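Okay, here's what each chain looks like letter by letter:
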Amino acid sequence: MLGKVYVFDHPLIQHKLTIIRDKNTGTKEFRELVDEVATLMAFEITRDLPLQEVEVETPVCSANAKTLAGKKLGVVPILRAGIGMVDGILKLIPAAKVGHVGLYRDPETLMPVEYYVKLPSDVEERDFIVVDPMLATGGSAVEAIRSLKKRGATSIRFMCLVAAPEGVEALQEAHPDVDIYIAAMDEKLNEKGYIVPGLGDAGDRLFGTK
Ligand code: PRP
Ligand code: URA
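The following refers to the structure shown. Throughout this description, residue numbers start from 1 for each chain and increase along the sequence as written. Here every chain gets a letter starting at A, and every ligand a number starting at 1, in the order they are written. Restriction of local features to residues with pLDDT of at least 70 applies here, the model being predicted, together with a cutoff of 80 or more for giving and counting side-chain atom pairs; totals for whole chains, interfaces and linings are based on all residues. Note that water and hydrogens are dropped before the side-chain values are worked out from all heavy atoms of the structure.

### Describing the pairing of strand β11 (residues 179-185)
Our working definition: Using a 1.4 Å probe on the protein chains alone, a residue whose accessible area is under 20% of its type maximum counts as buried, one over 50% counts as exposed, and one in between counts as partly exposed. Only DSSP runs of H or I covering at least 4 residues are called helices, and only runs of E covering at least 2 are called strands; the numbering of each starts at the N terminus. In this scheme, strands are said to pair when DSSP sees at least two bridges between them. Throughout, right-handed denotes a crossover for which the path from the first strand over the helix to the second runs clockwise when the strands point away from the viewer.
Burial of β11 is extensive: 6 of the 7 residues sit out of reach of the surface. Pairing between strand β1 (residues 5-7) and β11: 3 bridges, direction parallel. Each residue of the ladder has a partner; that of valine 7, found in β11, is isoleucine 182. Here 6 bridges tie strand β10 (residues 155-163) to β11, and the two strands are oriented parallel to one another. Looking at the pairing, cysteine 160 lines up with isoleucine 182 of β11. Each parallel crossover has a hand, and for β10 linked through helix α5 (residues 165-174) to β11 it is right-handed.

### Remarks on the pattern of salt bridges
Going by this rule: Whenever a carboxyl oxygen of Asp or Glu lies within 4 Å of a side-chain nitrogen of Lys or Arg, that contact is scored as a salt bridge.
Counted under the stated rule, the structure contains 14 salt bridges. With its nearest N and O atoms 2.7 Å apart, the salt bridge here joins arginine 21 to aspartate 186. Taken together, the residues arginine 21 in helix α1 (residues 11-21) and aspartate 186 in the loop between β11 and β12 (188-189) connect sequence positions 165 residues apart. Ionic contacts of the salt-bridge type, sharing partners, join the residues Lys72, Asp122, Glu125 and Arg126 into one network.

### Remarks on the site of ligand 1
Just so we agree on the cut-off: We call a residue near a molecule or strand when any one of its heavy atoms sits within 4 Å of it. In protein, a polar contact means a hydrogen-donor-capable atom and an acceptor-capable atom, both N or O and within 3.5 Å, with residues adjacent in sequence counting only if both atoms are side-chain atoms; elsewhere, any N or O pair within 3.5 Å suffices. Note on areas: these come from Shrake-Rupley sampling with a 1.4 Å probe, and a residue is covered only by the protein chains present in the view. The classification used treats Ala, Val, Leu, Ile, Met, Phe, Trp, Tyr, Cys and Pro as nonpolar, Asp, Glu, Lys and Arg as charged, and all other residues, Gly among them, as polar.
In the vicinity of ligand 1 lie 14 residues, with Arg105, Asp132, Thr137, Gly138 and Ser140 positioned nearest. For ligand 1, an oxygen atom lies 2.7 Å from a polar atom in the side chain of arginine 105. Here an oxygen atom of ligand 1 sits 2.9 Å away from a polar atom, N or O, in the main chain of alanine 136. Out of a free accessible area of 500 Å², ligand 1 has 91% covered by protein chains. For the shell around ligand 1, the secondary-structure elements that each account for two or more residues are β6 (100-105), β9 (134-135) and α4 (139-150). In the shell around ligand 1, the residues fall into 6 nonpolar, 5 polar and 3 charged.

### A closer look at the site of ligand 2
Neighbouring residues of ligand 2: Arg105, Met134, Ala136, Gly193, Tyr194, Ile195, Gly200, Asp201 and Ala202. Between a nitrogen atom of ligand 2 and a main-chain N or O atom of glycine 200, the distance comes to 2.8 Å. In the shell around ligand 2, the residues fall into 5 nonpolar, 2 polar and 2 charged.

### Some remarks on the packing of α1 against helix α2 (residues 27-45)
Rule in force here: Throughout, an axis means a line fitted to C-alpha atoms (over the contacting stretch in the case of helices), and angles, computed between N-to-C directions, take values from 0 to 180 degrees. Angles below 35 degrees are treated as roughly parallel, those above 145 as roughly antiparallel, those between 65 and 115 as roughly perpendicular, and all remaining angles as oblique. Take the far helix as the reference: if the near one is turned anticlockwise from it by less than a right angle, the crossing is left-handed, and if turned clockwise, right-handed. Residue contacts are defined here by distance: any two heavy atoms, one from each residue, within 4.5 Å place the two residues in contact.
Relative orientation of the contacting elements α1 and α2 amounts to 155°, with a least axis distance of 9 Å. By the angle between their axes, α1 is roughly antiparallel relative to α2. Read as a crossing pair, α1 and α2 show a hand that is left-handed. Contacts from Leu12, Ile13, Lys16, Leu17, Ile19 and Ile20 of α1 reach α2 at Glu29, Phe30, Leu33, Val34, Glu36, Val37, Leu40 and Met41.

See the structure below:
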């Protein structure tokens, strides 16, 4: 069975994503909005986290209440652009540890080239969310998740802002155990491997490079 695809169509996410897409949105606002959308997506993606019953002493009496249970979380941005989503996620799950996978797409071949990996030491014990604003050909996400699995990760989800159908298909095929969470499914890739309509080069827009 293939991994499921969830599209977060919450109005706030869609509104902010439209401004992110706009070519006239500058670096500062782009960065702030990616951060905000990441927080909203983190709220949605954590909807199914398991809870446990606990007892709490309120100022009034003792009460049965709930806290998070289950495995610890890990967030893994794919460098560079994934970094733009990390703080937004950590606002909601501050106890999560953060790993990094550095990959860039060779502009000629569009194949991912890995240059850095650093993960929490207790990889086997964590549920991971791999994050990157863009899922284009899928090469980077497929390779990043392969890298995590090679180091012992067994529970992985992938979260991005904009996906192309080609990338979703490639990721589902390579990693059928990984569910995919996106803010928008776009139309296609162009001849340069950019998502259409997309938002351009996410790393460049986040960091003001060209
Ligand atoms: C972008 C983006 C993804 C990748 C998606 O990174 O942030 O990581 O491309 O494309 P794919 O699905 O075809 O692999 P890029 O390679 O431009 O590196 P950067 O984040 O360092 O700019
Ligand atoms: N990487 C990006 O940053 N944008 C795209 O449209 C495709 C890959």
